Amino acid sequence: MRPAARSGPGPGPGPGARTRSRAGRRAGGAPRLTRHARWLTGRAWGRAVLGAAGVLGALLLAELLARGGAFEDRTLPPASSVLARAVEMAVDDGFLGQLWTTVSAWLGGLAVAVALAVPAGLLLGSLPRLDAAALAVVELARPVPSVALIPLAILVFVEPGRVERSLVCYAALWPVLLHTLYGLRDVDPVAKEALRSFGFGPFGVAWRVSLPSAGPHVVTGVRIAASVGLVVAVSAELRAGGDGGLGVYLLGTQSGGGRPDLMVAGACWAGALGVAADAVLVLAGRRLFPRGTAAGAGP
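Computed from a prediction, not measured in an experiment: that's the story for all the values here.

K.L.:
Just to check I follow, could you spell out the overall build of the chain for this structure?
P.N.:
When you go through the chain residue by residue, the secondary structure sums to twelve helices and zero strands. In the chain, the succession of α and β elements from N to C terminus is α-α-α-α-α-α-α-α-α-α-α-α. Within the chain, the proportion of its 299 residues that are buried is 32%. Counted over contacts in the chain with a minimum sequence separation of 6, partners at least 24 positions apart contribute 70%. In the structure as shown, the chain presents an accessible area of about 18400 Å², 67% of it carried by carbon and sulfur atoms.

K.L.:
Would you mind going over the pattern of salt bridges with me for this structure?
P.N.:
Charged atoms that come close allow side chains of opposite charge to pair. Summed over all chains, the structure comprises five salt bridges. A salt bridge links Asp261 to Arg85; its shortest N-O distance comes to 3.9 Å. In this pair, Asp261 is assigned in helix α11 (residues 260-288) and Arg85 in helix α3 (residues 79-89), connecting sequence segments 176 residues apart. In this structure Asp261 comes out as buried when scored by relative accessible area, which is 9%. Through salt bridges with shared partners, a single ionic network connects Arg85, Glu88, Arg259 and Asp261.

K.L.:
Explain the packing of helix α4 (residues 93-126) against helix α5 (residues 128-141) to me, please; I cannot follow it from the model alone.
P.N.:
A pair of packed helices can be characterised by two numbers: the angle between their axes and the separation between those axes. Relative to each other, α4 and α5 sit at 115°, their axes nearing to 5 Å. On the side of α4, the interface is formed by Leu123, Leu124 and Ser126, while α5 contributes Pro128, Leu130, Asp131 and Ala134. Among the residues making up the contact of α4 with α5, the classes are represented as five nonpolar, one polar and one charged.

K.L.:
Sorry, what's going on with the environment of Gly183 here?
P.N.:
As for its position among the elements, Gly183 is in helix α7 (residues 160-185). Taking the C-alpha atoms as reference points, Gly183 and His217, 34 residues apart in sequence, are found 5.3 Å from one another. In this view, Gly183 contacts Ala214 and His217; residues no more than four positions away in its chain are not counted.

K.L.:
Looking at this model, I keep getting lost on unusual backbone geometry. Mind explaining?
P.N.:
Even without a glycine there, the phi angle at Val158 is positive, about 65°. A relative accessible area of 62% places Val158 in the exposed class.

K.L.:
When you look at the packing of aromatic side chains in this model, what are you seeing that I'm missing?
P.N.:
Ring pairs (aromatic) are described by centroid distance and by the angle formed between their planes. A full pass over the atoms with the stated rule returns three aromatic pairs. Ring plane angle 65° and centroid distance 5.0 Å describe the contact between Phe95 and Tyr249, whose orientation is recorded as edge-to-face. Of this pair, Phe95 sits in helix α4 while Tyr249 sits in helix α10 (residues 246-252), and the two are 154 residues apart along the sequence. We classify Phe95 as buried; its relative accessible area is 1%. Each residue in the set Phe95, Tyr249 and Trp269 is aromatic and connected to the rest through ring pairs, giving one cluster.

K.L.:
Could you clarify how one ought to interpret the nonpolar core in this entry?
P.N.:
As a rule of thumb, soluble globular proteins bury nonpolar side chains together. With 53 residues, the main nonpolar core has Trp106, Leu167 and Leu177 as its most contacted residues. Elements with a minimum of two residues in this core: α3, α4, α5, α6 (150-157), α7, α9 (202-240), α10 and α11. Among the elements that make up this core, the one with the highest residue count is α7 (13 residues). Beyond its immediate chain neighbours, meaning those up to four positions away, Trp106 contacts Val168, Ala226, Gly229, Leu230, Ala233, Leu273 and Ala277.

K.L.:
Explain a nonpolar patch on the surface here, please?
P.N.:
A contiguous nonpolar patch, built from Val55, Leu56, Leu59 and Leu83 and spanning about 340 Å² of accessible area, is present on the exposed surface. At three residues, the largest contribution of residues to the nonpolar patch is made by helix α2 (residues 44-67). As for its position among the elements, Leu83 is in helix α3. The exposure class of Leu83 is partly exposed, given its relative accessible area of 41%.

K.L.:
Please clarify how α5 should be interpreted in this entry.
P.N.:
For an α-helix, the turn length of 3.6 residues means that residues three or four places apart are oriented alike. Taking 1.5 Å as the rise per residue, α5 with 14 residues should run 20 Å; its terminal C-alpha atoms sit 20 Å apart, in good agreement. Ala134 marks the point of greatest bend in α5, at about 35°. For α5, the full list of buried residues reads Asp131, Ala134, Val138 and Ala141. Structurally, α5 contributes buried residues whose contacts are with α4 and α7.

So, how was this worked out
Each chain carries its own residue numbering, running from 1 in the direction its sequence is written. Under the rules for a predicted model, residues below a pLDDT of 70 receive no local features and side-chain atom pairs below 80 are neither given nor counted, while totals for whole chains, interfaces and linings still include all residues. Calculation of side-chain values draws on the structure's entire complement of heavy atoms; hydrogens and water are dropped beforehand. A run of H or I in DSSP counts as a helix once it spans at least four residues, and a run of E counts as a strand once it spans at least two, with each numbered from the N terminus. Exposure categories follow from relative accessible area, calculated using a 1.4 Å probe and restricted to protein chains: below 20% of the type maximum is buried, above 50% is exposed, and the middle band is partly exposed. The contact criterion used is simple: two residues touch if any of their non-hydrogen atoms lie within 4.5 Å. Per-residue accessibility takes into account occlusion by the displayed protein chains alone, with areas from the Shrake-Rupley method and a 1.4 Å probe. Any carboxyl oxygen of Asp or Glu that lies within 4 Å of a side-chain nitrogen of Lys or Arg is treated as forming a salt bridge with it. Orientation is described by lines fitted to C-alpha atoms, with helices fitted over the stretch in contact, and by angles between N-to-C directions that extend from 0 to 180 degrees. Residue polarity is assigned by list, with Asp, Glu, Lys and Arg as charged and Ala, Val, Leu, Ile, Met, Phe, Trp, Tyr, Cys and Pro as nonpolar; anything else, Gly included, falls into the polar class. For Phe, Tyr and Trp, rings pair up if their centres lie within 6.5 Å, where Trp contributes its six-membered ring, and each pair is then called stacked (planes under 30 degrees apart), edge-to-face (over 60) or tilted (otherwise). As used here, the term nonpolar core means buried Ala, Val, Leu, Ile, Met, Phe, Trp, Tyr and Cys residues forming a set that is joined through side-chain atoms within 4.5 Å. To count toward a patch, a residue needs a relative accessible area over 30% and no salt bridge; like charges are then connected within 9 Å, while nonpolar side chains (Val, Leu, Ile, Met, Phe, Trp, Tyr) are connected within 5 Å. Take the residue count of a helix, subtract one, and multiply by 1.5 Å to get its expected span. Values of bend correspond, residue by residue, to the angle between axes fitted over the seven residues ending at that residue and the seven starting there.

What follows is the structure, given as C-alpha cells:
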C-alpha cells in the first residue's frame, strides 16, 4: 500500500524547491520584458524616442564634462554653447551660403556616381566574364583614398567645385557599384529564365527582374555612398581650400584666436546633413521597394 499523503502543517518545500521556484519566476518574467522592449523598438515612434534619449544623454554628458573642468572651454565648449551657435547659424546668410556650396558639390558628385555605378553594375552582373575581368581593376582602385587624389584632381579639373565633385564621385562610386553587384547575385535565376523563355532579351530581363530585385541593395549602397561622399566633400575643402564650403568655414573658425564653439557647431551641421540624407534615402527605399529584404534594406 502507498503511504497516505500527510496533511496539515509540515516542513514545506526544501531550499532546492524554493530556489527553483524563484528561478522559475525570474524566467517567467523575462519574456514579458523582452516583449515590451520588442514592442517599443518595433515601432517608428518608439525608435525615435529611443534615439532622442540617446542624443540627449550624449549632450548631457558633454555638458557635464565641460562644466566639470575635464576640458578647458577653449578646447571643448559646453554643449549648450554649441547648440546656441548652431541655432544662430540657421539664420546666418554667410554660413548658409558656405553650407550650400558643400551640399551642391556633395549631391552633384553623388548623382554622377549613381548614374555611373548602377548601369555599370547591371552590365557587369549580366556578363559574368566581363565581371571576372573587371574585378581586379575594381579591387585595385577601390582602396585608394579620395583625399590622396586631391593633387591629381587639382591638376586635371583646376576649378575647386569640379575638384570637389570629382573626389566625391570617386569615393561614392564603389559602394553603389559593389552593392549593385551583390544584389544581382541574389536575383532568382528561375525568374530570369522564365522571362527569357517568353522572348525577353538581356535588357528586358535586367529592367523587369534584375533591377527591381537588386533595388534594396542599391539603396543601401547609395546610403553608404552619401555618408562617405559628405566626409570627402568636407575633407577636400579642408585640404584643397577653395572659394567656399563648410570645410573653408571650419578653417576660418580657427583664425583670430580660434572659436571652438563655432567649429563644433559647424561639424554638428555636417552631421545633421548626413542624418537627413540617410532618412530621405530610407523613406525612398521603402516607397520604391516595399518588399525589400532585411539584408537589402540595411540598418
